[in-house]
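# Examining the three-dimensional arrangement
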Amino acid sequence: MYGRHSATPVGSQGLKPVGSPNRIQRRSGQGPGSPKFSSPQFQRGTDTTPQSSNARSSFAERVYQINGGRRGNAVGPGPLFGSPGSPSGQFPEIPLSSPSRGAPVTQSGLRDYSQQRAAEGQGSASRQGEALPQDPADAQPGRNRAAPPPPPPPAPSKGISQSGSAIPTSVLDLPSQRMYALAILVLLLAWKLYDAIDLSLESDTPSLYLFLKWSILDTALWSAGWRLHIPRFSISARASALLTAASVFLNLNLFLLPVSIFTLALKPMAIGVASGCMRSIKNIPWIGPKLVGDSDLLIDSFELNEEHILGRHTIHILPHSLAHMNPHGRGFCIDEAAKHSEPWYRRFTSGLISHQHGQQTAIPILINGTHPASITYAHTSFETGEKQLHVVKNVNNLQIDVSTVYPTLGNWVLATYYLPVKETGAYELHSVKDAKGLEFRTATHAPPTIVVARPSARLQWRAGSANSGDNFAIGSDGQASICQRVDPDTPGASESSQDGLVEAIAEGYEPLEMTIVRLVNGHRETIGLDSIKPRLTEDVAPPAARDGLNATQRAALEKWTKYRARRVTYILSDAFLRPGEYVYKLESVRDAANHTMHLSDAGANSMFDGDKAKSSSSAPYLSRIQVHRRPSVEWSGSILQGDLPLRLSDDRQRRSRYSLPLRLSGQGPWTVDYEIADGSDNTRETKTFAVADKAAIDAGKPGVYRLLGVRDKHCSGASGNANVTLVHTPKPSIVVKASPITARECGGEIGAQIELELTGRPPFTIHYRERNLRFPNSKPISRVVRTHQRRHNFKVTPDLAGTYELVFYRLDDDNYPSGQKVDATIQQSVHAQPSAKLDTVSGDIPSNACMGQSLALPVRFKGQGPWDLTYAVVHENRRRTMTLEGVTDERHTIELGPFSDAGEYTVELVQVTDGNKCARDLLDVSATVSIRESGPRAGFQCPEGGIRILDGDQARIPVQVVGEFPVELKYRKIGDKSDRTFRASIPRPSAHSTQPYYVLAYGPGEYELTAADDFCPGTVDAASSRCVVRVEPKPAAWFVTDGLRYNDVTKRDSGVWQLGDACEGTTSPGSIELGLSGSGPWKIQYSVEFWATSNPNSGDSRFADRSTQHTSVALQPSTLKVDAREPGLYRYTLTAVHDERYQAFQPLAANRDASAPGGNVTVVEHRVTKSPVAELRAYLPDGTPLDVSSSQSTFRRKQRAVKHCLAPGQSKNEGDAQTWAKVRDHLPVFRIEFDKQGKPPFQAWVEVFPVSGPSEVVQVHDIESFAEVVSLPERIASKIGRYHMRLVKTRDSRGCEHQFVDPSSVGLGRPDRGSKAIEGGIEIEYIEAPTARPAPSSPAANPSKDVCVGDILAFDLRGLNSWNVEYTYNGFHRTTPVSKRLFRRIADVPGNFTLNRVCHRSTNDCCSNFADLSYAVHDIPRVLVSGGKDVYQDILEGDMVEIRMDLVGTPPFTFTWQRRGLDYESGGAGKVLESHTVKDLDAFSYTITASSEGTFEVTFVQDRYCQYPKA
């Protein structure tokens, strides 16, 4: 309602203002359909229409307002009287609009502040609207009206989450959705930019593929932005369609159109920016011209540095001037407080220095004419009725708002001058004069302008208004506090419980109206103080004395008395029944002239910004009352829900004191009053708490604890009704009684019956010690009896005879768990009873057995022998009872078995009888035996073919075992001479184990399983009782000697196998066949030793030049390819091999034994002979080598060319044979030089590439020496240009060849005509010296050699496409590189320009000098009209004006001047009225006399050499 919906105009809600709406509409200038209630027309003091200046209406119309018209766009108290330089000083005008829009400014004086408030409009509107909801009950005629409640939010559409996004937040939260969306957008933009740049740089042809790709991607992107509804990234369907169309249009220009509109639009801009930067760099002294050079961009964008036609003279005829004070009839007000706070120096310097009247009211004076020099006005005081005249002479210091400028009338303007005033009263314009003393015409019968005191209001506290129980206090920050009051209907409530604490005071022109907002815990209510009877009404200032005044003066005083300021006071009553924060905010005050003061707009923001509220709490328009909730105290629920009453105990494990927790409400610290009642003794105590969380009463005295009351930091409160009782618990006690237990057949007393009587709180624990006095040195046995009963019986029947002493020494109960000492002793004589139990001391009790076996169960007897023992054997629900009689030994064995059935057997001891015939039943004395039918079964799980292992590995034989674990296995190795038996124990497997069982094998051979036993003998499976373990053979590798030769037949024992010799660099040097055994594939390690041809110790491993190790994967059959890249001896040795089974390399012995040709040879040698290497070199005729690279050292890279410069006409194409012969005697000489390691005679092939045509291969035969001169055919090297020589190949007498280039490229012509360079060799180039000639269309072709500043000197260059041009400009010599055939230089300054020399850049010593290319550069002529200034002169009709024109240049001069009419609509020059041309003027000035209105200017000027503008 207040944060998102715009206010609804009156009319759509059925609301009508009090009074005549037609009158309001007439004043506002709006129709009934859309009135602007907060526009300036509704604020009478700031109305902008003349009709509302002095309109009269009822008070109901003046107080009419629409609530909400100021929300979100209210103007704070800073510029309430206009911003600095405010034109009218009236209050800001705030339209009723959506909070999201800034408040429009209707007065120029408030622009700065309104723009600031407009930027804050949205945020402040949301905060104020949400914090101050309007009450619909206030929507009454003549009062503030609330806007209708907001419509319910629309239900989320199907497929869209509650957050608004189509992607559920459970899948991806909203910040991550925005992050991914932004990342995708940036990635696509970067990708598109890359494609566009790549297309523009790599290819100039359009790309349909890129256009379609990016059109589809952009359509998908914008459709996703519309469909996904990601918050802050969501776009509408219309926006999606527009963005898609814009993207397709952009793609069309980037990827499909040959010339895009972006190129056409941006290219001129880019050229302008680049040329401006280059001109700035060129202006840097010394280094600027060197950095920029003669750039074509500077030449094409050259502009003259200054205007050559300066100045215009305009003549204008002026009409009469008018002046009118307050043309719109507005009312004004003055801030009396701000007037008194103005610095003292303002009154003395106001006529000398222009001050910003930020707190002053300014009356507008409309001026239609020339600038006024003085303003005289009359002021009538409301206090005395006296009228005085004031003169303003410093009119230039007034604020001026120019509305319209009339260029045709000279300095004639339509402007508003704002006259600042400091006193209330009536103001009238008396006279206005200009600088010439001419008086302006003023409006006749204009009503006076009324300036009243600015309405003001404030809130203040009422003295003595609070009750004694309210605890009313005012803090240092101005904020008040009070305790929550009691409902007046409550019995005993004070009569003044509803007295108000705040009063509102308003001052101004009556009647006054105030609007106050009360905010109670976020609930907003609006109070309009326009009909409540004020408590007090008085004058703000005492009235002037009327003694001594005549009737006229009294009548004048009575006339203006009604405009004086009055003070009214209102009381704001409130009951303060609800705790919380009560805020009274004085929003606005309005006087009878409709001057509205929005008092607390600046404070409203801070008021609802939480922490900022304190900063404005002491403002006079903002009163805060903190109503504190009365505190309360009660026992915490945890103490009431426990075991009551609470018990106090002296035991260390129990509590001797209790911490009784309290639940407090209010603000700390708290003071709690409580009472302890213990019978007739009542104690009243008080305790203070600083923190409510740990509030508790430390209780150590028994009694009833009752809460009486509580006081917190601010108020006093009541307490709960529940009580807590504490009682002291007594210590426990015990009474022990005993009676004997008698058995005649056992000889008398056999024990005692103990009876215990207990006091205390159960459960009880009784501790006693039992000792047989028959053994005085024996240690007492401690025993414990536990019971929940206060009476408890138990029996004591020891096994041994004697006198037993029972000492009870400790008693524990629930209140005393640490125990209390007791002292009770009982003695009892006991005759022993017989006993029997299974003997675990002398041996283990068997638990397993096999069928057919017997068991011995050991038993131990106690008592008087001999003994009779009755026992039972239970098996499969059958019970057999047996008796042993006359057992005399305390240790005896019961024989069981042999067993004929398998299963579980249980042996129970039933009864024992001693020698005195004293029988005793035995309880829980038994043993269980498991009987099995057979033992385990075992066998080998041997794979087919046995188990294969590698040499040196430990083998494991898998076995299968069925039976009770652990199982003992026995096995042997067949054929073992020692006949050794191996044993293995198979442990019990884990519950989830699936691993098979293994036994170890000790070496290869056949193993046999002989036995398998647990506690029963087992059997061995005959079919799987044996398993064979085998060892895999190791792999081997060798050289096959087929195709090899032995180097010395007579010395076979010391010889070696060799492969046939090969030439260096041959592509087919041969290979050696390998022999392999094992399981492939194989991996072979071998070494290669190398001895160079120059090594004298060839074949000795100690002096090898290089030794390398290699690894290769081989399959059968395989060969080893030999190396022939370098000449010398190679030795190949196989060192190790591994196959699929042996993953580790197995070493191989170095074997060159030739006794068995088919043996495993692992060493082979191979010799490589050197190929003939040569190079092609160039020498001068005197034998000096040239700085060029040979075909050997620069193979496969482009060479430097040997260049020779020829003057124009010296080539054979253009000169005669004799001249060419002289030139040829100085050409370089070419020779082929061979390496000394080659064997002559040699042959060589040389390829020559002429300047044009196919290449030719020259073959040189029978070269006996190591150097040979190559002669080129004259038909090849007879033209200007470049040709190339290179070696193709060489061959020696052994048939070894050295290939320098790819044979496929020989004889194909020049490969360097494209981008590919010729590989190797020497390049020769004959160059003709360059020439330069003036371009026919350039001013340089002018025979007179006279040019003007701004002309472009252009010269045609001939020769290679790269030159260095040397020239001199005004004595400065410079060399510039040129790559185009047209050299251009701009004549930018007057002086002399000479083109000195042109050289080829590649060979800077091949140049041409010039002596006839010098030019004189002349400056452009200039003309100055009226001294070169734009003169605007106002004259009266009939006056004459002289206009002077000064000329600069070389006479004679020719120029054209014209007169243009004045364009009153556009303010510029109009059409040409007359034009004149002055020719052959030898003087340097010219004067014309004019009396006509218009603009005089020169359009063309020419001197002897140059003109402006150029044709």
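First things first, this report covers the structure right here in the doc. (Residues numbered from 1 in each chain as written. Predicted model: local features only at pLDDT ≥ 70, side-chain atom pairs only at ≥ 80, totals over all residues. Heavy atoms only, no water.)

## What to know about the overall build of the protein
Counting its secondary structure elements, the protein contains 16 helices and 93 strands. Looking at the protein residue by residue over its 1511 residues, the buried ones come to 42%. Restricting to contacts in the protein with at least 6 residues of sequence separation, those with at least 24 account for 70%. For the protein, the exposed area adds up to about 79400 Å²; of that, 51% sits on carbon and sulfur atoms. (Helix = DSSP H or I, 4+ residues; strand = E, 2+ residues; numbered from the N terminus. Buried < 20%, exposed > 50% of the residue type's maximum accessible area, 1.4 Å probe, protein only. Contact = heavy atoms within 4.5 Å. Areas by Shrake-Rupley, 256 points an atom, 1.4 Å probe, with all protein chains shown as cover.)

## A few points about a nonpolar patch on the surface
Together, Ile281, Ile284, Trp286 and Ile287 make up a nonpolar patch on the protein surface, roughly 450 Å² of accessible area in all. In this fold, Ile287 is placed in helix H9 (residues 287-292). Looking at Ile287, the relative accessible area reads 47%, which means it is partly exposed. (Patch = residues over 30% accessible without salt bridge, like charges linked within 9 Å, V, L, I, M, F, W, Y side chains within 5 Å. Salt bridge = Lys/Arg side-chain N within 4 Å of Asp/Glu carboxyl O.)

## Quick notes on the side chain of Ser1025
Mapped onto the elements of the fold, Ser1025 is located in the loop between strand S56 (1019-1020) and strand S57 (1026-1031). A residue is classified by how much of its surface remains accessible, and Ser1025, at 10% relative accessible area, is buried. A polar atom in the side chain of Ser1025 sits 3.2 Å from the backbone oxygen of Ala1022. In contact with Ser1025, other than residues within four places in its own chain, are Phe940, Tyr1007, Glu1008, Leu1009 and Val1020. (Polar contact = N/O pair within 3.5 Å; in protein donor to acceptor, adjacent residues only side chain to side chain.)

## Quick notes on the sheet that holds strand S5 (residues 361-369)
Within a sheet, each strand pairs with its neighbour through backbone hydrogen bonds, oriented either parallel or antiparallel. Judged by pairing direction, the sheet is mixed, and its 5 strands sit side by side in the order S8-S9-S5-S3-S11 without closing on themselves. Of all strands in the sheet, those with a lone pairing partner are strand S8 (399-406) and strand S11 (441-442), marking the two edges. Of the pairings in the sheet, the one linking strand S3 (residues 322-325) to S11 comprises 2 bridges and is parallel in character. Bridge pairing in S11 links Ala323 to Thr442. (Pairing = 2+ DSSP bridges.)

## Side note on the sheet that holds S57
Taken in spatial order, the 5 strands of this open sheet run S50-S57-S55-S52-S53, and their pairing is mixed. Each end of this open sheet is capped by a strand with a single partner; those strands are strand S50 (947-949) and strand S53 (981-986). Within this sheet the neighbouring strands show an average axis-to-axis angle of 30°, counted without direction. Across 3 bridges, the pairing between S50 and S57 is parallel. Across the sheet, residue Ile947 finds its bridge partner in S57, namely Val1029. (Axes fitted to C-alpha atoms, helices over the stretch in contact; angles between N-to-C directions.)

## As for the nonpolar core
The biggest cluster of nonpolar side chains holds 30 residues, and the ones touching the most others in it are Leu459, Val502, Met514, Phe576, Tyr584, Leu586 and Ile625. The set of elements that each furnish at least two residues to this core consists of strand S13 (456-461), strand S15 (480-483), strand S16 (502-508), strand S17 (513-520), strand S20 (566-572), strand S21 (580-590) and strand S23 (622-628). It is S21 that provides the largest number of residues to this core, a total of 5 residues. Residues Leu1059, Ile1072, Tyr1132 and Val1168 belong to the second largest nonpolar core, which totals 26 residues. (Core = buried A, V, L, I, M, F, W, Y, C linked by side-chain atoms within 4.5 Å.)

## A word on helix H6 (residues 208-227)
Spanning 20 residues, H6 covers 28 Å between terminal C-alpha atoms, matching the ideal 28 Å at 1.5 Å per step. For H6, the complete set of buried residues consists of Leu210, Phe211, Lys213, Trp214, Ser215, Asp218, Leu221 and Gly225. His229 occupies a position one or two residues after H6 and carries a positive phi of about 55°. (Expected span 1.5 Å × (residues − 1).)

## Quick look at the environment of Thr913
With respect to the element layout, Thr913 can be found in strand S46 (residues 903-913). For the pair formed by Thr913 and Gly865, sequence separation is 48 residues and the distance between their alpha carbons is 8.6 Å. Not counting residues within four places of it along the chain, the set of residues in contact with Thr913 comprises Pro834, Pro866, Trp867, Asp868, Cys918 and Ala919.

## Re the state of the cysteines
Scanning the model with the defined rule gives 6 disulfides in all. Bridging Cys942 to Cys1027, the disulfide has an S-S length of 2.1 Å. Disulfide Cys942 to Cys1027: torsion about the S-S bond roughly 65°, handedness right-handed. A residue pair is termed long-range when its members are at least 10 positions apart, and Cys942 in the loop between strand S49 (937-940) and S50 and Cys1027 in strand S57 qualify at 85 residues. According to the relative accessible area criterion, Cys942 is partly exposed, its value standing at 28%. Here Cys1063 engages in a disulfide with Cys1296; their sulfurs sit 2.1 Å apart. Taking the torsion about the S-S bond as the criterion, the Cys1063 to Cys1296 disulfide, at about -70°, is left-handed. Placement of the pair is Cys1063 in strand S60 (residues 1057-1063) and Cys1296 in the loop between strand S74 (1281-1291) and strand S75 (1297-1299), with a sequence separation of 233 residues. (Disulfide = S-S within 2.5 Å.)

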